[in-house]
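Geometric and topological summary
Chain by chain, the residues:
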Amino acid sequence: MLPAFKHQYSLSWLLTNIFRKLVSKPLLADYQLRLGRARERAILVKFMELTYQELFPEQNDFSHLAKTVKQYFSRETPLWWVTVADGKVSRKGYTATHPLPVGCLWMGNGVDQVNGDRYGYIFLLYVMPAHRRQGIGSALMQHAEAWARARGDRQLGLQVFQSNQVALNLYQRLGFR
């Protein structure tokens, strides 16, 4: 039995904070993984927009994504950023002195509608095109699986568009069906 706490926190929040201590670590040889913060909501929206712009280039209004992030981004739905390990990322002619994200993983909860069991759900997994095919997507999927297992989840869910062949290939290679 767990000891009583002055404040009651959810298991998901506690695990996320444990991961915060464990996760500002190398993801791969040249990349670092760190837990996102609430103040980075606008960056999350931008990454979602990048995802949808790639898949639906004819559409130019993705304003609804900010509402989605506002509604669902919380302590219960952790976000991890991938940055270049040396902290320098060149974008459009300038190099930042602080690490800019080149990828992200946003996790949440799904509920099995047959038996009511909660499971880990991938809301977003995105890697900037210039950093693809480096193993980042696979490493983020491994991280997602570890997070879900640590919470006691027995499955991991995600949604992918049929037109997103790159993601479909990754998920199939990792055993998702």
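Values in this document were obtained by computation on a predicted structure and should not be read as measured data. (Residues numbered from 1 in each chain as written. Predicted model: local features only at pLDDT ≥ 70, side-chain atom pairs only at ≥ 80, totals over all residues. Heavy atoms only, no water.)

Section: the overall build of the chain
Along the chain, the regular secondary structure elements total 5 helices and 8 strands. A buried classification covers 41% of the 177 residues belonging to the chain. If you take every contact in the chain between residues at least 6 apart in sequence, the share linking residues at least 24 apart comes to 62%. About 11300 Å² of surface is accessible on the chain, with carbon and sulfur atoms providing 53% of the total. (Helix = DSSP H or I, 4+ residues; strand = E, 2+ residues; numbered from the N terminus. Buried < 20%, exposed > 50% of the residue type's maximum accessible area, 1.4 Å probe, protein only. Contact = heavy atoms within 4.5 Å. Areas by Shrake-Rupley, 256 points an atom, 1.4 Å probe, with all protein chains shown as cover.)

Describing the pattern of salt bridges
This model, assessed by the stated rule, comprises 6 salt bridges. The salt bridge partner of R149 is E145, with a shortest N-O separation of 3.8 Å. Taken together, the positions of R149 and E145, both in helix α4 (residues 136-150) and 4 residues apart, correspond to about one turn of that helix. Of the charged contacts in the structure, one is a salt bridge between R151 and D153, with a shortest N-O distance of 2.6 Å. By relative accessible area, which is 8% here, D153 ends up buried. (Salt bridge = Lys/Arg side-chain N within 4 Å of Asp/Glu carboxyl O.)

Here we look at unusual backbone geometry
In the Ramachandran plot, R133 falls in the positive-phi region, its phi being about 65° despite a non-glycine side chain. Within the fold, R133 resides in the loop between β7 (118-127) and α4. Given the relative accessible area of 83%, R133 is considered exposed.

As for α4
Between its terminal C-alpha atoms α4 stretches 21 Å, which fits the 21 Å expected from 15 residues at 1.5 Å a residue. Burial in α4 covers these residues: I136, G137, S138, A139, L140, M141, H143, A144, W147 and A148. Directly beyond the C-terminal end of α4, a positive phi value near 90° is found at G152. (Expected span 1.5 Å × (residues − 1).)

Notes on the pairing of strand β3 (residues 79-84)
Within β3, 6 of the 6 residues are buried, which leaves the element mostly enclosed by the surrounding structure. Across the two faces of β3 the burial is the same, with L79, W81 and T83 and W80, V82 and V84 all buried. The sheet contact formed by β3 and strand β6 (residues 101-111) spans 5 bridges and is antiparallel. Along β6, the bridge assignment pairs T83 with P101. (Pairing = 2+ DSSP bridges.)

Thoughts on the nonpolar core
Residues L44 and L140 are the most contacted members of the largest nonpolar core, which totals 39 residues. Elements that contribute at least two residues to this core include exactly β2 (31-35), α2 (41-55), α3 (64-72), β3, β6, β7, α4 and α5 (165-173). Broken down by element, this core gets its largest block of residues, 7 residues, from α4. If we ignore the near neighbours within four places in the chain, the residues touching L44 are V69, F73, L79, W81, W106 and L124. (Core = buried A, V, L, I, M, F, W, Y, C linked by side-chain atoms within 4.5 Å.)

So, the packing of α2 against α3
The packing of two helices is summarised by the inter-axis angle and the distance between the axes. Put simply, α2 and α3 touch, their axes get as near as 9 Å, and they point 135° apart. When the axis of α2 is compared with that of α3, the two are oblique. Between α2 and α3 the crossing geometry is right-handed. Only L65, A66, T68, V69 and K70 of α3 make contact with α2, whose side of the interface consists of R41, L44, V45, M48, E49 and Y52. When its residues are assigned to classes, the contact of α2 with α3 shows 7 nonpolar, 1 polar and 3 charged. (Axes fitted to C-alpha atoms, helices over the stretch in contact; angles between N-to-C directions. Parallel < 35°, antiparallel > 145°, perpendicular 65-115°, else oblique. Left-handed = near helix turned anticlockwise from the far one by under 90°. Nonpolar A, V, L, I, M, F, W, Y, C, P; charged D, E, K, R; others polar.)

Examining the packing of α4 against α5
At their nearest, the axes of α4 and α5 sit 11 Å apart, and the two run at 55° to each other. It follows that α4 is oblique to α5 by the angle criterion. The hand of the α4/α5 crossing is right-handed. Here G137, S138 and M141 of α4 lie close against α5, whose contacting residues are L170, Y171 and R173. Here the residues of the contact of α4 with α5 sort into 3 nonpolar, 2 polar and 1 charged.

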